[in-house]
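Spelled out from the first residue to the last, the chains are:
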Amino acid sequence: MLVKWIRCTVVDRRGFERGQRKWAGLLGEPGFRGQGGGWSRARPDVVHLFGFWESRAFYDSFMARSHDRLAAAQSGTYKDIQVRLFEHRFDVKVGFQPQFTDADVVRFAHCRVREDRVEHFVLMQEKVWNPAMAGSPGMLRGVFGEAPGQEFLVLSMWNSVAEHGKYRTDRVERLGLRAQTEADVAAIGGDVIAIEPSWTV
């Protein structure tokens, strides 16, 4: 499975939201599995969207055929768009499905990992972070993806801001020490996104 992460800064909120609903046209696309996203809780003009495709071949075919027609509706409503593609490595909690309807927030971490620490980083994700997240009340599902150049995405969906907040407060620092995250990671970014239900495809 291919995971697409889009980040942009919105300059015309109303126009952007109107255009975002046109992406419902993705539903008929071969290999399309789901898309959703919303507004950053930290920066009110920033949007994050996540799309899921069965394979890179299906995605490339869509980009060559239908993408520009669907994207035209949002032209001029945003700036600073960044797009990244990640190959699914494993699920965070079992049985990942690209569904957003039961999630209130999405949390993601975008990590650039030191070349000599990639193996350790992946192992810690599997042995330390995944079990901790999977066992947290309110954590619904998630996915761990990899891009070329030691780049990783950890995406988790939560049923409420409060439950995600508890996990962060109670556990993240302790888990980070146990997983030796600082030694593995050269750079880390991330955000918490309030899901916008009308954008779910």
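Only a predicted model underlies this, so the values are computations on that prediction, with no experimental measurement involved.

> Tell me about the environment of Phe32, residues and numbers included.
Relative to the assigned elements, Phe32 resides in strand E2 (residues 32-40). Given the relative accessible area of 12%, Phe32 is considered buried. In this structure, the C-alpha to C-alpha distance between Phe32 and Leu140, residues 108 residues apart in sequence, is 21 Å. Apart from the residues within four sequence positions on either side, Phe32 is in contact with Leu26, Leu27, Phe52, Trp53 and Val201.

> Could you give an account of the sheet that holds strand E5 (residues 105-113), naming the residues involved and the relevant values?
Here eight strands make up a closed barrel; going around it, the order is E1-E3-E2-E8-E5-E7-E6-E4 and the pairing antiparallel. Averaged over all neighbouring strand pairs, the angle between strand axes comes to 35°, with direction disregarded. Strand direction decides the pairing type here: E2 and strand E3 (residues 46-53), joined by seven bridges, are antiparallel. Looking across to E3, one finds that Gly36 is bridged to Phe50.

> Before we move on, can you summarise the side chain of Glu29 with the specific residues and values?
Checked against the element boundaries, Glu29 lands in the loop between helix H1 (13-20) and E2. Beyond its immediate chain neighbours, meaning those up to four positions away, Glu29 contacts Trp53, Phe62, Arg65 and Ser66.

> Could you give an account of the UniProt feature "domain: DUF4937" (unreviewed entry) in the chain, with specific residues and numbers?
Here, UniProt's "domain: DUF4937" (unreviewed entry) annotation points to residues 2-86. Secondary structure across residues 2-86 comprises 27% helix and 41% strand; the distance between its end C-alpha atoms is 6 Å.

> Could you give an account of the nonpolar core, with specific residues and numbers?
In terms of nonpolar packing, the biggest core is built from 24 residues, with Val113, Phe121, Val122, Met133, Phe144 and Phe152 touching the most fellow members. Considering each element in turn, this core owes the most residues, eight residues, to helix H4 (residues 118-134). Excluding anything up to four places from it in sequence, Val122 contacts Arg89, Phe90, Phe144 and Phe152. Counting 17 residues, the second-largest nonpolar core is a separate cluster that includes Phe96, Val143, Ala147 and Leu153.

> Explain the side chain of Arg7 residue by residue, including any values.
Relative to the assigned elements, Arg7 resides in strand E1 (residues 2-10). Put simply, Arg7 is tucked away with no salt bridge, and the nearest opposite charge, on Asp191, sits 6.0 Å away. With residues near it in sequence (within four places) discarded, Arg7 still touches Arg43, Val46, Val47, His48, Asp80, Ile81 and Gln82.

Quick notes on the rules
- Residues numbered from 1 in each chain as written.
- Predicted model: local features only at pLDDT ≥ 70, side-chain atom pairs only at ≥ 80, totals over all residues.
- Heavy atoms only, no water.
- Helix = DSSP H or I, 4+ residues; strand = E, 2+ residues; numbered from the N terminus.
- Buried < 20%, exposed > 50% of the residue type's maximum accessible area, 1.4 Å probe, protein only.
- Contact = heavy atoms within 4.5 Å.
- Pairing = 2+ DSSP bridges.
- Axes fitted to C-alpha atoms, helices over the stretch in contact; angles between N-to-C directions.
- UniProt positions renumbered as here; feature names shortened; annotations may be inferred.
- Core = buried A, V, L, I, M, F, W, Y, C linked by side-chain atoms within 4.5 Å.
- Lys, Arg positive; Asp, Glu negative; His and termini not counted.
- Salt bridge = Lys/Arg side-chain N within 4 Å of Asp/Glu carboxyl O.

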